[in-house]
Amino acid sequence: MKRQEEELIALLRRQDPLGMDGLVRHYGPLLRYVIYPILPDGQEREECLSDVMLLVWQKVHSYDPGRGSWTGWLSALARNTALNRLRGKGGMASVEELPQDLPSTEEGPEEALLRRERAERLRRALDGLTPGERNLFYRKYYYMQPTAQIASELGLTERAVEGRLYRVKKRLRKKLGGEDDG
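What you are looking at is a predicted structure, and each value in this text was computed from that prediction instead of being measured.

A.B. asks: I'd like to hear about the overall build of the chain, residue by residue, with values.
C.D. replies: Along its length, the chain carries 8 helices and 0 strands. Ordered by position in the sequence, the α and β elements of the chain form the string α-α-α-α-α-α-α-α. Counting only residues that meet the buried cut, the chain has 30% of its 182 residues in that class. Put simply, 61% of the contacts in the chain that link residues at least 6 apart link residues at least 24 apart.

A.B. asks: So, unusual backbone geometry: which residues are in play, and what are the values?
C.D. replies: Positive phi outside glycine occurs at Gln 15, with the angle close to 60°. Phi at Met 144 is positive, roughly 55°, even though this residue is not glycine. For Met 144, the position within the fold is in the loop between helix H6 (131–142) and helix H7 (147–154).

A.B. asks: Provide a residue-level description of helix H3 (residues 42–59), including the pertinent values.
C.D. replies: Helix length check: H3 (18 residues) gives 25 Å between terminal C-alpha atoms against 26 Å at 1.5 Å per residue, within 8%. Of all the positions in H3, only Glu 44, Arg 45, Cys 48, Leu 49, Val 52, Met 53 and Val 56 are classed as buried.

A.B. asks: Can you lay out the confidence of the model for the chain for me, pointing to particular residues and giving the numbers?
C.D. replies: When pLDDT is averaged along the chain, the result is 85, and 86% of the positions lie at 70 or above. In this model, residues 91–100 is a region of pLDDT below 50 whose contacts with residues beyond four sequence positions or in other chains number 1 contact.

A.B. asks: Lay out the pattern of salt bridges with the relevant residues and their values.
C.D. replies: Using the criterion set out here, one finds 10 salt bridges in the structure. With a shortest N-O distance of 2.5 Å, Arg 123 and Asp 127 are connected by a salt bridge. With Arg 123 and Asp 127 both in helix H5 (residues 109–127) and 4 residues apart, this pair spans about one turn of that helix. By relative accessible area, which is 41% here, Arg 123 ends up partly exposed. What makes Asp 127 partly exposed here is its relative accessible area of 44%. Bridged by salt links that share partners, the residues Glu 44, Glu 47, Asp 51 and Arg 85 form one connected network.

A.B. asks: An account of helix H8 (residues 158–175) is requested, with residue identities and associated values reported.
C.D. replies: Relative to the 26 Å expected for 18 residues at 1.5 Å per residue, H8 spans 26 Å between its end C-alpha atoms, a close match to the ideal helical length. Buried residues belonging to H8 abut H5, H6 and H7. Of the residues trailing H8, Gly 177 is marked for its positive phi of about 80°.

A.B. asks: Explain the nonpolar core residue by residue, including any values.
C.D. replies: Core analysis: the biggest nonpolar cluster contains 25 residues, and Leu 23, Ile 35, Val 56, Trp 70 and Leu 74 have the highest contact counts within it. For this core, the secondary-structure elements that each account for two or more residues are helix H1 (3–13), helix H2 (17–35), H3 and helix H4 (70–89). Top contributing element to this core by residue count: H4, with 7 residues. If near-sequence neighbours (up to four positions away) are discounted, Val 56 is found in contact with Leu 12, Leu 23, Trp 70, Trp 73, Leu 74 and Leu 77.

A.B. asks: Go over the environment of Val 161 with me, naming the residues and quoting the values.
C.D. replies: As for its placement among the helices and strands, Val 161 is situated in helix H8. Overall, the relative accessible area of 0% leaves Val 161 in the buried class. Linking Val 161 and Ala 151, residues 10 residues apart in sequence, is a C-alpha distance of 6.1 Å. If we skip the residues at most four places from it in the chain, Val 161 touches Leu 136, Thr 147, Ile 150, Ala 151 and Leu 156.

How each quantity is defined
- Residues numbered from 1 in each chain as written.
- Predicted model: local features only at pLDDT ≥ 70, side-chain atom pairs only at ≥ 80, totals over all residues.
- Heavy atoms only, no water.
- Helix = DSSP H or I, 4+ residues; strand = E, 2+ residues; numbered from the N terminus.
- Buried < 20%, exposed > 50% of the residue type's maximum accessible area, 1.4 Å probe, protein only.
- Contact = heavy atoms within 4.5 Å.
- Expected span 1.5 Å × (residues − 1).
- pLDDT = per-residue confidence, 0-100.
- Salt bridge = Lys/Arg side-chain N within 4 Å of Asp/Glu carboxyl O.
- Core = buried A, V, L, I, M, F, W, Y, C linked by side-chain atoms within 4.5 Å.

And the structure:
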């Protein structure tokens, strides 16, 4: 980990306002980059960015360098916050409107085990891709970046990006035992 990151994390953990200033200055562009393709409205993006900054302030103690990089942790936090915000825009029914006999939405032990197994299989399949293929896959399907943005930033045509993504998905389907639709 870079010394600058360590100092920033230490400031944030001490709840020092200088840590927040450093976070905004050094990582604001990254967080905007992650949030931008997920949320279409500019005001929504800025509110989401504020939410992410507040979450970093509140949850910085849960960051564990042994589990991943600081930028990875920040990116995942921004992505998940933006996705939650996007889901919330779909409108939620008020508590009064919900019927009393709804089945539980909590995941049972079997579902949890199956979800973990699927996630592990996908992780192993993704590990089998080249770094470039994995980067392309994550940009499109994890960070939800538009094909045009990916193409522009990688110096490719949109058609080339789509072709590569098609081949990556085909390889993943094969590795995961799915049907290969040629």
